[in-house]
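Now for the letters of each chain:
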Amino acid sequence: MSNQWDVIMIGSGMGGMVTAAALSKLGHRVLMLEQYDVLGGQTHSFSREGFSWDVGIHYLGGFGPEVSERAMLDWLCDSPIELAPVGAVYDTLHIGDADPLQLSRPASAQRLDLKERFPNEADAIDDWFDAIINARDAMGTVGQVRSMPPVFASAVKWWRGKDRSRFLERTTAEVVNEITDNAELAKVLTAQWGDFGGRPSTASFAMHATVMNSYLEAGAYYPVGGASSIAEHLLPTITNHGGETRAGVEVTSLIMENGVVTGAETASGEQFFAECTVSNIGARETVDRLLPDGHGHDNWVQEIRSIGPNICHYSLFLGFEGDVEAAGMTKSNHWLYPTGEVDVVWTEVPDSRPPAMFVSFASLKDPAHDPGPDRKHAGEMIAWSDWSTVERWAEVPPGERGDNYRSFKKKIETIMLEQFAKYFPRLAELIVFHEVSTPLATASITGHRMGSFYGLDMTPHRITTDALRMKTPIDGLYLTGQDVLSPGIPGAFWGGFLCAGSIDPKVFMHING
């Protein structure tokens, strides 16, 4: 293998694959290095006893057939990824004792549904939808500012200053409470915060609005063949254009010469060199793990470290056999808030019930899924939580955590199964497999600090800081993925595309495919 490349990509998540594929399409030779033994980051899948689950995709917003993201994705792949629509109803809210509320697209339909549920709040609902559009547009300036030269970025900030201060610098709770004093309506409007990990009391409203609008505008989609089909289509673009992808290779340090990043060194001592080195492992992880001493950019590092981690989660992976649709399985996801509060996470683990959960049935969304004669289907239940619940085992190797940890996991599994049965009693009877994972698994597989699968916290500070630009203040070093723009697969997609454009501006010629 050559040790000289045009671009080195550290990490193979969505942002890394998009940046690498875009640059490969324009003739750059890219070397991708992934520490985990499977490429694809949170787009990969895994299987147990004939069932398969995705680790990071439950549905995708913003990839409808008529939107630019879909055309861009097609350009990045040598063969297009097929995306199947989830349907008009993509989420169902279960808040306290209130009747379940289905959320549908397009926006006009959801607006009518909300007015039917809250007839005295028609004006507030209209104001909410107006705010979503305005905040989404303000969020668009974040990508522009972070991917363009600073002098132009300053002009954009000045031009959109009013909208930035109103929507980027205020939390979701602040905006919704300004629009309505109806507490139940406010809960409905903010209940999907788990899509990006930004709790209403702390997250920038612009981020909330952008994610919500992506479903309202283009609907929700699921990759045919499962999440792993994304990597199966993007990675060949790299290798077919002279690049290489390697799994099971841990990068331990960046190589710096005269203040410039010139390459990367692996745990085995291999050194690779390139004009541009791109980190897709997370901004905080990059500065904590890869920067060598004496890099000379302490202020930049401290600014990144001032942004806390996003939420973490527990997952219950479920396997079913039987007539699942007759038993209540849906393509729509379900948000469960048994206490009636939505701005909550599970902190008293495992001595209480989780107050915020999300349920998804991926196999039902996938037209390529073959249930076989046993009619097998897979589902997942997520409970949003906090790293403090597993911190005591964080430094203990997986095989050495002892009986206390096994008992801890067993209690979690029991509690989550009970909660699933409460909401889906007939489906619970069809469960033939279940397995629980903790935030420690997320930290181990993804490398994300404190199990934060969404990366950095979605505060207004994260949105407005200049420290998360794609081109870092260290020459030769770039950041890509969800931290430079927004969490989740769509956010990492855009972060990856804009990063590629920061390296080679010709990428922007393909912003519509």
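Coordinates for the structure precede this section.
All residue numbers refer to positions counted from 1 along the written sequence of the respective chain. Totals for whole chains, interfaces and linings use all residues, but because this is a predicted model, local features are given only for residues with pLDDT of at least 70 and pairs of side-chain atoms are given and counted only at 80 or more. The side-chain values count all of the structure's non-hydrogen atoms but skip hydrogen atoms and water molecules.

Draft legend 1. Layout of the nonpolar core. We define a nonpolar core as any set of buried Ala, Val, Leu, Ile, Met, Phe, Trp, Tyr and Cys residues linked to one another through side-chain atoms lying within 4.5 Å. Note on classification: 1.4 Å probe, protein chains only; a residue is buried when its accessible area is under 20% of the maximum for its type, exposed when over 50%, partly exposed between these limits. In this structure, Met-14, Phe-205, Leu-234, Trp-300 and Trp-384 are the most contacted members of the largest nonpolar core, which totals 128 residues. Helix and strand definitions follow DSSP, with helices as H or I runs of at least four residues and strands as E runs of at least two, each counted in order from the N terminus. Here this core gets 10 residues from one element, more than from any other, and that element is helix H4 (residues 122–147). Should any heavy atoms of two residues lie within 4.5 Å, those residues are counted as being in contact. Residue contacts for Phe-205: discarding those within four places in its chain leaves Trp-128, Ala-131, Ile-132, Ala-135, Phe-167, Arg-170, Thr-171, Thr-172 and Val-175. Grouped together as the second largest cluster of nonpolar side chains are 33 residues, Ala-327, Val-359, Leu-364 and Trp-387 included.

Draft legend 2. Just the pattern of salt bridges, in detail. A carboxyl oxygen of Asp or Glu within 4 Å of a side-chain nitrogen of Lys or Arg is what we treat as a salt bridge. Scanning the entire structure with this criterion turns up 16 salt bridges. The residue Glu-270 makes a salt bridge to Arg-246 at a minimum N-O spacing of 3.5 Å. With Glu-270 in the loop between strand E12 (260–266) and strand E13 (271–279) and Arg-246 in strand E10 (residues 244–247), the pair connects residues that are 24 residues apart, well separated along the chain. Residue classification places Arg-246 among the partly exposed residues on the basis of a relative accessible area of 22%. Between Lys-376 and Glu-321 there is a salt bridge whose closest N-O contact spans 2.8 Å. Taken together, the residues Lys-376 in strand E17 (residues 376–385) and Glu-321 in strand E14 (residues 312–321) connect sequence positions 55 residues apart. On the basis of relative accessible area, Lys-376 is assigned to the buried category, the value being 19%. The exposure class assigned to Glu-321 is partly exposed, which follows from its relative accessible area of 27%.

Draft legend 3. Highlighting the pairing of E17. Counting buried positions over the 10 residues of E17 gives 10, a clear majority of the element. The sheet contact formed by E14 and E17 spans 10 bridges and is antiparallel. What sits directly across from Leu-316, in E17, is Met-381. Paired strands, as defined in this entry, are two strands with at least two bridges between them according to DSSP. Pairing geometry for strand E16 (residues 357–360) and E17, over four bridges, is antiparallel. Residue pairing in the sheet places Val-359 in a bridge with Met-381 of E17.

Draft legend 4. Quick peek at the sheet that holds strand E18 (residues 431–437). Ordered by their spatial adjacency, seven strands build an open sheet running E8-E7-E15-E16-E17-E14-E18, and the pairing between neighbours is mixed. A strand with exactly one partner marks an edge of an open sheet, and here the two such strands are strand E8 (101–104) and E18. Each strand of the sheet is rotated relative to its neighbour by a mean of 20 degrees, with strand direction disregarded. Summarising the sheet, E14 and E18 pair through six bridges and their orientation is antiparallel. When the sheet's bridge partners are listed, Phe-320 is paired in E18 with Ile-431. Axis definition: a line fitted to C-alpha atoms, over the contacting stretch in the case of helices. Angles run 0 to 180 degrees between N-to-C directions.

Draft legend 5. Just the packing of helix H1 (residues 14–25) against helix H10 (residues 228–239), in detail. Where H1 contacts H10, the two axes come as close as 8 Å, and the packing angle between them is 35 degrees. Considering the relative orientation of H1 and H10, their crossing is left-handed. Along the contact surface, H1 presents Met-14, Met-17, Val-18, Ala-20, Ala-21, Ser-24 and Lys-25, while H10 presents Ile-230, Ala-231, Leu-234, Leu-235, Thr-237 and Ile-238. Under the scheme applied here, ten amino acids are nonpolar (Ala, Val, Leu, Ile, Met, Phe, Trp, Tyr, Cys and Pro), four are charged (Asp, Glu, Lys and Arg), and all others, including Gly, are polar. In terms of residue class, the contact of H1 with H10 is built from 10 nonpolar, two polar and one charged. The sense of a crossing depends on the near helix, which, turned anticlockwise from the far helix by less than a right angle, makes the crossing left-handed and, turned clockwise, makes it right-handed.

Draft legend 6. Spatial organisation of the sheet that holds strand E6 (residues 83–85). Spatially, the three strands line up as an open sheet ordered E5-E9-E6, and their pairing is antiparallel. Either end of the sheet is taken by a strand with one partner, and the two such strands are strand E5 (60–61) and E6. Across two bridges, E5 lies against strand E9 (residues 220–223) in antiparallel orientation. Paired with Leu-60 across the two strands is Tyr-221, which belongs to E9.

Draft legend 7. Representation of helix H8 (residues 183–190) within the structure. Most of H8 is tucked away, with six of its eight residues classed as buried. Of all the positions in H8, only Leu-185, Ala-186, Lys-187, Val-188, Leu-189 and Thr-190 are classed as buried. Packed against the buried residues of H8 are strand E7 (89–95), E8, helix H3 (107–117), H4, helix H7 (172–179) and helix H9 (205–218). Within 3.5 Å is the distance limit for a polar contact, defined as a pair of N or O atoms, with the added protein rule that one can donate a hydrogen and the other accept it, and that residues adjacent in sequence qualify only through two side-chain atoms. N-capping of H8 is provided by Asn-182, with a side-chain oxygen placed 3.0 Å from the backbone N of Glu-184.

In short, geometric facts, not functional conclusions.
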